Amino acid sequence: MTRFAVIAASVAVVAAACGGSKSDDKKDASGGSGGALTGRGPITLATGKDTSGNLQNLVNTWNQQHPKEQARIIELPEDADAQRQQMVQNAQTKSNAYSVLNLDVVNTAEFAANRWIAQLPKDQFDLSKFLPAAVKTGEYRNNLYAAPWKTDSGLLYYRKDQLDKAGIKEPPKTWAEMQQDCSKIKGFNCYAGQFEKYEGLTVNFSEAVNSAGGQVVDDSGKPNVNTPQAKQGLDFLVNGFKSGMIPKEAISFKEEESRRAFEKGNLLFYRQWPYAYALSNKKGDSKVVDKFAVAPLPGLNGPGAPTLGGHNLAISQFAPNKATALDFIKYLTSEQTERANLIASSEAPTLASLYDDPELQKKFPYLPTLKASLLNAKPRPQVVRYNDVTTAIEEAAYSALTGKSTTDQALADLQNKLGQLITP
């Protein structure tokens, strides 16, 4: 989702061939076979629409290096739900049309549990070099099923020019500080996020709960939303609407609606993915060019816990040429390729070292802030029936935000619903 600059780049790297380790031949925890990944030849990459414009460049470089193991992009719909649906249909028919799947981070558990993707050999990836939170999104029952490729995390966008005028030296670290800052600066709505009843509401709800010290699903995999911490998080949003801290129109905000409100100069603070940074700094329609900055999201008692986004690469269980597919994934997630892709597309990499590179920081000054956000990010519930779970969260949160239920009732109902949907 991250888009900040477009600079042409190409990369050449040859990944080493590899097979599964001895332990990979054993049955994994999900009951699927984690056998050796064998077979060489042409492969496909099933992915959503490439809005970066750079993916084909990466594939072209691979193809130049591997004339007998060509990769071909199969572009799926732009909508994330439609992408998942096509991948599910492909897997249910045991089609071999897709070799490598570009999976949303929330889909790993579903695809692994249904044995639609192959277990990846951990010893073929130096996972210590990747952002820990990104690695976790590719795991299911302590086994690796998808390699971290692109990541994302929520950030606080704020009007730095207005804070400077008010003598406020740094962005808020807590919700209370943010409200205090808003009280000192007139002429703006205080805060907004994405509160329409869709996946973005699950993201914002999860961030509020986690930023208050709670968990939507605990470490053992059990629903955990009927708690004082979850109530504090949801109350922050509900009371924000009641008090006017969050404008009423934000109940219909998705990513683009909130971005446009900020760019029109209507918001002092708002929560957004990094992709909006370049768009809001683009001269023309935006009224906030060179007037804003980004910071980690605030929380109840300190910096908050943003929701993790991004995409991982998995191998279809039904694909031939799995050895080639594995090497292709290693190529796309290598340091050379991720660095080149960052320069060319500004998509957030999963390798931690790239965020500390002085040359990259000079080109992309937001990288240290983004890394801090990513290191504190929390994944959405990693559950097999994720689509049902996110629908339940959206309905409960929206009911509370619109005043159709109290926060206590919404959370009690959600706890009950999630208990029916989630099996640890």
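Here is what the cut-offs are and how they apply
Residues numbered from 1 in each chain as written. Predicted model: local features only at pLDDT ≥ 70, side-chain atom pairs only at ≥ 80, totals over all residues. Heavy atoms only, no water. Pairing = 2+ DSSP bridges. Helix = DSSP H or I, 4+ residues; strand = E, 2+ residues; numbered from the N terminus. Axes fitted to C-alpha atoms, helices over the stretch in contact; angles between N-to-C directions. Contact = heavy atoms within 4.5 Å. Disulfide = S-S within 2.5 Å. Buried < 20%, exposed > 50% of the residue type's maximum accessible area, 1.4 Å probe, protein only. 1 Å grid on protein atoms, 1.4 Å probe; cavity = no way out; pocket = protein on both sides within 12 Å on 5 of 7 lines; lining within 4 Å. Points joined across faces, edges and corners; volume = space filled by probe spheres on them. Nonpolar A, V, L, I, M, F, W, Y, C, P; charged D, E, K, R; others polar. Core = buried A, V, L, I, M, F, W, Y, C linked by side-chain atoms within 4.5 Å. Polar contact = N/O pair within 3.5 Å; in protein donor to acceptor, adjacent residues only side chain to side chain. pLDDT = per-residue confidence, 0-100.

### Digging into the sheet that holds strand S9 (residues 267-272)
Strand pairing in a sheet relies on backbone hydrogen bonds, with the paired strands running either antiparallel or parallel. Within the open sheet, the four strands sit side by side as S8-S9-S7-S10. Their pairing is mixed. The open sheet has two edge strands with one neighbour each: strand S8 (189-192) and strand S10 (293-295). Each strand axis lies, on average, 20° off the axis of its neighbour in the sheet, ignoring direction. Across the sheet, helix H9 (residues 255-263) touches strand S7 (155-158) and S9, and the angle it forms with S9 is around 155°.

### Considerations on the state of the cysteines
Within the structure shown, the criterion is met by one disulfide. Here cysteine 182 is linked by a disulfide to cysteine 190, with a sulfur-sulfur distance of 2.0 Å. With the S-S dihedral at roughly 75°, the linkage between cysteine 182 and cysteine 190 falls on the right-handed side. As far as the burial class goes, cysteine 182 and cysteine 190 line up, both buried.

### Topic: the layout of surface pockets
Size it by volume and the second largest pocket reaches roughly 880 Å³. Together, 27 residues line the second largest pocket, and Val217, Asp218, Asp219, Gly221 and Gln382 are the ones closest to its centre. Every element with two or more residues in the lining of the second largest pocket is listed here: strand S4 (139-140) and helix H7 (199-211). When grouped by side-chain class, the residues that make up the lining of the second largest pocket number 10 nonpolar, nine polar and eight charged.

### Thoughts on unusual backbone geometry
Of note, lysine 94 is a non-glycine position whose phi angle comes to about 55°, a positive value. Along the polypeptide, lysine 94 turns up in the loop between helix H2 (80-92) and strand S3 (100-104). Overall, lysine 94 belongs to the exposed group, its relative accessible area being 61%. Positioned with a positive phi, arginine 141 is a non-glycine residue whose angle comes to about 50°. Within the element layout of this structure, arginine 141 appears in the loop between S4 and strand S5 (143-144).

### Notes on empty space enclosed by the protein
Using the criterion set out here, one finds three cavities of 30 Å³ or more in the structure. Reported here for the largest cavity is a volume of approximately 130 Å³. Forming the walls of the largest cavity are 13 residues, and the residues nearest its centre are Trp175, Tyr191, Glu207, Phe236 and Pro298. If you list the elements that add at least two residues to the lining of the largest cavity, you get helix H6 (175-184), H7 and helix H8 (228-243). The dominant element in the lining of the largest cavity, judged by the number of residues it contributes, is H7, at four residues. Residues of the lining of the largest cavity, tallied by class, amount to nine nonpolar, two polar and two charged. Of the volumes computed, that of the second largest cavity is approximately 50 Å³. For the second largest cavity, the full set of lining residues is Val105, Val106, Thr137, Leu308, Pro379, Arg380, Pro381 and Gln382.

### Observations concerning the nonpolar core
Residues Tyr157, Tyr191, Phe195, Phe205, Phe269 and Phe328 are the most contacted members of the largest nonpolar core, which totals 112 residues. The leading source of residues in this core is helix H15 (residues 386-401), at nine residues. Aside from chain neighbours lying at most four places away, what touches phenylalanine 195 is Leu201, Asn204, Leu237, Phe241, Ile246, Ala250, Ile251, Phe253, Tyr398 and Leu401. By size, the runner-up hydrophobic cluster in this structure holds 18 residues, among which are Met87, Leu103, Ala109 and Ile117.

### As for the side chain of arginine 271
Residue position: arginine 271 is located in strand S9. We classify arginine 271 as buried; its relative accessible area is 0%. At 2.8 Å, the side chain of arginine 271 forms a polar contact with the side chain of glutamate 207.

### Observations concerning the confidence of the model for the protein chain
Looking at the protein chain as a whole, its pLDDT mean stands at 90, while 92% of the residues score no less than 70. Within the model, the stretch residues 1-34 combines pLDDT values under 50 with 104 contacts to residues more than four positions away or in other chains.

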